[in-house]
Amino acid sequence: GLGHGPAFVGLLSAAGSVSMALSCLPAGMLGTRYGSRQLMIAGLVCLLMGNGAAALAEFIPVAWRSGWMVTMAVVANVG
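Residues numbered from 1 in each chain as written. Predicted model: local features only at pLDDT ≥ 70, side-chain atom pairs only at ≥ 80, totals over all residues. Heavy atoms only, no water.

### Remarks on the overall build of the protein
Right, on to step 1. The number of helices and strands found in the protein is three helices and zero strands.
Right, on to step 2. If you list the helices and strands of the protein from N to C, you get α-α-α.
Right, on to step 3. Reported as C-alpha extents along the three principal axes, the dimensions of the protein are approximately 45 × 20 × 15 Å.
Right, on to step 4. When burial is assessed residue by residue, the protein has 23% of its 79 residues classed as buried.
Right, on to step 5. A separation of at least 24 residues holds for 71% of the contacts in the protein among residues at least 6 apart in sequence.
Right, on to step 6. Counting only carbon and sulfur atoms, one obtains 74% of the accessible surface of the protein, whose full area is about 5,500 Å². (Helix = DSSP H or I, 4+ residues; strand = E, 2+ residues; numbered from the N terminus. Buried < 20%, exposed > 50% of the residue type's maximum accessible area, 1.4 Å probe, protein only. Contact = heavy atoms within 4.5 Å. Areas by Shrake-Rupley, 256 points an atom, 1.4 Å probe, with all protein chains shown as cover.)

Below, the structure is given as C-alpha cells:
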C-alpha cells in the first residue's frame, strides 16, 4: 500500500458513501431533465476519471496524496 492504515481506508469509504448519497437526488433531477442515457454516460465518465486518477496516487507528492485519494473517491462515487 501507500502507507495508510485502517482509519484512512474508512475515511475513503465514508467519503465515497456520503458523496454518493448526496448526489443521488440531484442526479435523478438531472436525469429527468436531460435524459437517463446522457446522465449515465456522464456518470461513467466521472467513474472512469475518478478511479483512473486514483490509480495514479503513488505519483502524487506525499503531502497531497491523502487529499488526492479522498477527492478521487468522491469523484468516482458521484459518477
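Having seen the structure, we can now continue with the description.
### Digging into the packing of helix α2 (residues 36-54) against helix α3 (residues 62-78)
Right, on to step 1. Taken N-terminus to C-terminus, the directions of α2 and α3 make an angle of 160 degrees; their axes are 7 Å apart at the nearest point. Judged by the angle between their axes, α2 and α3 are roughly antiparallel. Crossing of α2 over α3 shows left-handed handedness. In this structure, α2 uses Cys46, Leu47, Met49, Gly50, Asn51, Ala53 and Ala54 to contact α3, whose residues at the interface are Trp68, Met72, Val75 and Ala76. (Axes fitted to C-alpha atoms, helices over the stretch in contact; angles between N-to-C directions. Parallel < 35°, antiparallel > 145°, perpendicular 65-115°, else oblique. Left-handed = near helix turned anticlockwise from the far one by under 90°.)

### Digging into the confidence of the model for the protein
Right, on to step 1. Averaged over every residue, the pLDDT of the protein is 93; residues scoring 70 or more account for 97%.
Right, on to step 2. Within the protein, α2 carries the highest mean pLDDT (95), whereas helix α1 (residues 6-34) carries the lowest (93). (pLDDT = per-residue confidence, 0-100.)

### Overview of the environment of leucine 11
Right, on to step 1. Within the element layout of this structure, leucine 11 appears in helix α1.
Right, on to step 2. Judged by relative accessible area, which is 44%, leucine 11 ranks as partly exposed.
Right, on to step 3. For the pair leucine 11 and glycine 28, spaced 17 residues apart in the sequence, the C-alpha separation amounts to 26 Å.

### Remarks on the nonpolar core
Right, on to step 1. Ranked by size, the top nonpolar core spans seven residues in total: Phe8, Leu12, Ala15, Ala57, Met69, Val70 and Ala73.
Right, on to step 2. Listed by contribution, the elements that provide at least two residues to this core are α1 and α3. (Core = buried A, V, L, I, M, F, W, Y, C linked by side-chain atoms within 4.5 Å.)

### Here's the deal with α2
Because each turn of an α-helix spans 3.6 residues, side chains separated by three or four positions end up pointing in the same direction.
Right, on to step 1. Helix length check: α2, at 19 residues, gives a terminal C-alpha distance of 26 Å against a target of 27 Å (1.5 Å per residue), a fit within 8%.
Right, on to step 2. Within the sequence span of α2, burial applies to Gly43, Gly50 and Ala53. On an axial view of α2, the arc spanned by its buried residues comes to 110 degrees, and they lie on one face. For α2, exposure combined with an orientation more than 90 degrees from the buried face picks out Arg37, Met40, Leu44 and Leu48.
Right, on to step 3. Looking at the buried positions of α2, the neighbouring elements they touch are α3. (Expected span 1.5 Å × (residues − 1). Arc of directions from axis to C-beta.)

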